[in-house]
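Fold and geometry: a report
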2 protein chains.
Amino acid sequence: MIESIRVIGSGRVGSAVAARLEERGVDLAADEPELLLLCVPDRAIAEVAAGIDQGPWIAHVSGATPLAALAPHTRRFSVHPLQTFTRTRGPEQIDGAYAACTAESHEARALAFEVARTLGLAPFELADGKRSLYHAGAALASNYLVTIYRAAAQLFEAAGAPPEGLVPLMRRTIDNGFELTGPIARGDWDTVENHLEAIREGRPELEPVYRVLAEATLP
Amino acid sequence: MIESIRVIGSGRVGSAVAARLEERGVDLAADEPELLLLCVPDRAIAEVAAGIDQGPWIAHVSGATPLAALAPHTRRFSVHPLQTFTRTRGPEQIDGAYAACTAESHEARALAFEVARTLGLAPFELADGKRSLYHAGAALASNYLVTIYRAAAQLFEAAGAPPEGLVPLMRRTIDNGFELTGPIARGDWDTVENHLEAIREGRPELEPVYRVLAEATLP
């Protein structure tokens, strides 16, 4: 059982992680912590890691950064909380999320899983070389969900409909296990063509988004 | 207060609507109902409407279909529940959703709002000519949410990561009011380029989706 962790960085993720570890009784202020957990911006990881004396375990919480960024340390791993964080929430925003754990030894993997579980995350193993593909998937699901909401909200505004009406629709789409309904599911191409025509007329800048997604939705 | 409605059609929407109206004490079996509510496929609306004697109110629940499809009836309107429906849920799936109400007179509009509220929907007015733009927005938000989940799940599978990990991430993105996080929000183009490279190598068919959404996400 890991008893002392020094969290470096107090951004969105670092604040939530430190608060959760404190809740779990982990010593965050030990002089010689067992683990240094870097919650710094991706670009700062290599520099911060290089400035730390070798000895304790070191880990980062980045989804996109390879373990090599932690060089010259070899007692290293990463735990990426698969979640979007906001400053307006506390450690409870960690609950229910998964964690991608990357490690190079059995010992490091066991420790990564332990840290993830201590945080309240459901760990899974991710190969270091698959990190970009994984992170691209996470960005697609989270960041581009924002993008399609914004695009849909613009169409609603142009139609005089309230964008907040999209929220229960999007939540239920997830609740229903991403079951596809609507014109493409019905093979109703007339309606799809009508959408494209209306978009070209009302919000032409959104046509490429609609068109590429329609094509990607085809069975 | 409307007391008798005949629901025509028993698909996903018709079943939920009829069950809800029954819960609300509306007479569904009257010989001369005040309103005929067409819950039939979009393409069948005009034919079904044309086959009904003029007299009572008539309405449809389609998002994409103009009121003209209800000709020759003039006592007409539409109420579109802005929700995705599944056969595995009952009338409770209506709760919390909005409804687009389209009408051509004050009387028809008042009745459309009344029917929406009786169903448990939050009504708003939608102009008949803006219906395609509105429906395109709804399809973008709901159907293409399925598309980006599927694309992200494919990237996860290629990376050996569990697609179910995407669900808490997507739910929280909505809970957080669609706050944009991730590489584009940070202006981290190196990570975006790494994503594209990984996609080209691992799932090249998804590159257009990722690319068009990245471009649409730019401020």
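Structure's up top.
The shown structure was predicted, so the numbers you read here are calculated from the model rather than taken from an experiment.

A few words on the relation of the copies chain A and chain B. Each copy of the sequence occupies a distinct position, and chain A is placed on chain B by a rotation of 180 degrees and an axial shift of 0.0 Å, giving an RMSD of 0.0 Å. Overall, the copies show the geometry of a two-fold rotation axis.

Ranked by size, the top nonpolar core spans 82 residues in total, and within it Leu140(A), Met170(A), Leu140(B), Met170(B) and Leu213(B) carry the most contacts. At the level of secondary structure, the elements contributing two or more residues to this core comprise helix 4 (131-159), helix 5 (166-175), helix 7 (189-202) and helix 8 (207-217) of chain A together with helix 4 (131-159), helix 5 (166-175), helix 7 (189-202) and helix 8 (207-217) of chain B. When sequence neighbours within four positions are dropped, the list of residues in contact with Leu140(B) reads Ile148(A), Ala151(A), Ala152(A), Leu155(A), Val209(A), Tyr210(A), Leu213(A) and Leu145(B).

Residues and elements named next belong to chain B. An order of 1-2-3-4-5-6 is seen for the six strands of this open sheet, with the pairing classed as mixed. At either end of the open sheet lies a strand with only one pairing partner, and these are strand 1 (5-8) and strand 6 (122-125). Strand-to-strand, the axes of this sheet are offset by a mean angle of 25 degrees, without reference to chain direction. Note: strand 5 (residues 98-103) against strand 6, four bridges, orientation parallel. Paired with Cys 101 across the strands is Glu 125, a residue of strand 6.

Glancing now at helix 1 (residues 12-23) of chain B. An α-helical segment advances 3.6 residues per turn. Residues three or four places apart therefore align on the same side. All names here are of chain B. In this model helix 1 runs 17 Å from its N-terminal to its C-terminal C-alpha over twelve residues, within 8% of the 16 Å that 1.5 Å per residue would give. Among the residues of helix 1, those classed as buried are Gly 14, Ala 16, Val 17, Ala 18, Arg 20 and Leu 21. Buried residues along helix 1 sit in contact with strand 1, strand 2 (35-38) and helix 3 (106-119).

To continue, consider the sheet that holds strand 6 (residues 122-125) of chain A. All names here are of chain A. Strand order in the open sheet made by the six strands is 1-2-3-4-5-6, with mixed pairing throughout. Strands with a single pairing partner mark the edges of an open sheet, and in this sheet they are strand 1 (5-8) and strand 6. Taking each pair of neighbouring strands and ignoring which way they run, the sheet shows an average axis angle of 25 degrees. Here helix 4 sits on the sheet in contact with strand 3 (57-60), strand 4 (76-82), strand 5 (98-103) and strand 6, set at roughly 15 degrees to strand 4.

A full pass over the atoms with the stated rule returns 26 salt bridges over all chains. Across the pair Asp42(B) and Arg186(A) runs a salt bridge whose closest N-O atoms are separated by 3.8 Å. Within this pair, whereas Asp42(B) is found in the loop between strand 2 and helix 2 (45-50), its partner Arg186(A) is found in helix 6 (residues 183-186), the two belonging to separate chains. The exposure class of Asp42(B) is partly exposed, given its relative accessible area of 23%. Assessed through its relative accessible area of 47%, Arg186(A) is described here as partly exposed. Of the charged contacts in the structure, one is a salt bridge between Glu125(B) and Arg109(B), with a shortest N-O distance of 2.6 Å. Of this pair, Glu125(B) sits in strand 6 while Arg109(B) sits in helix 3, placing them 16 residues apart in sequence.

On to the packing of helix 4 of chain A against helix 7 of chain B. Contact geometry of helix 4 of chain A with helix 7 of chain B gives a least axis separation of 8 Å together with a crossing angle of 110 degrees. In this view, helix 4 of chain A runs roughly perpendicular relative to helix 7 of chain B, as classed from their interaxial angle. In this structure, helix 4 of chain A contributes Ser132(A), Leu133(A), His135(A), Ala136(A) and Ala139(A) to the contact, and helix 7 of chain B contributes Thr191(B), Asn194(B), His195(B), Ala198(B), Ile199(B) and Gly202(B). Classifying every residue of the contact of helix 4 of chain A with helix 7 of chain B by side-chain character gives five nonpolar, six polar and no charged.

On to the interface of chain A and chain B, then. How large an interface is tends to be reported as the accessible area lost when its parts come together. Taken residue by residue, the interface counts 86 residues in chain A and 86 residues in chain B. Taken together, both faces of the contact between chain A and chain B bury some 7800 Å²; the carbon and sulfur share is 67%. The three residues of chain A that bury the most area against chain B are Leu133(A), Tyr144(A) and Phe178(A), which together make up 10% of that side's buried surface. Remark: the boundary between chain A and chain B carries eight salt bridges.

Reading the values: rules and limits
Residues numbered from 1 in each chain as written. Chains lettered and ligands numbered in written order. Predicted model: local features only at pLDDT ≥ 70, side-chain atom pairs only at ≥ 80, totals over all residues. Heavy atoms only, no water. Least-squares fit on C-alpha atoms with pLDDT ≥ 70 in both. Core = buried A, V, L, I, M, F, W, Y, C linked by side-chain atoms within 4.5 Å. Buried < 20%, exposed > 50% of the residue type's maximum accessible area, 1.4 Å probe, protein only. Helix = DSSP H or I, 4+ residues; strand = E, 2+ residues; numbered from the N terminus. Contact = heavy atoms within 4.5 Å. Pairing = 2+ DSSP bridges. Axes fitted to C-alpha atoms, helices over the stretch in contact; angles between N-to-C directions. Expected span 1.5 Å × (residues − 1). Salt bridge = Lys/Arg side-chain N within 4 Å of Asp/Glu carboxyl O. Parallel < 35°, antiparallel > 145°, perpendicular 65-115°, else oblique. Nonpolar A, V, L, I, M, F, W, Y, C, P; charged D, E, K, R; others polar. Buried area = accessible area lost by both parts, 1.4 Å probe.

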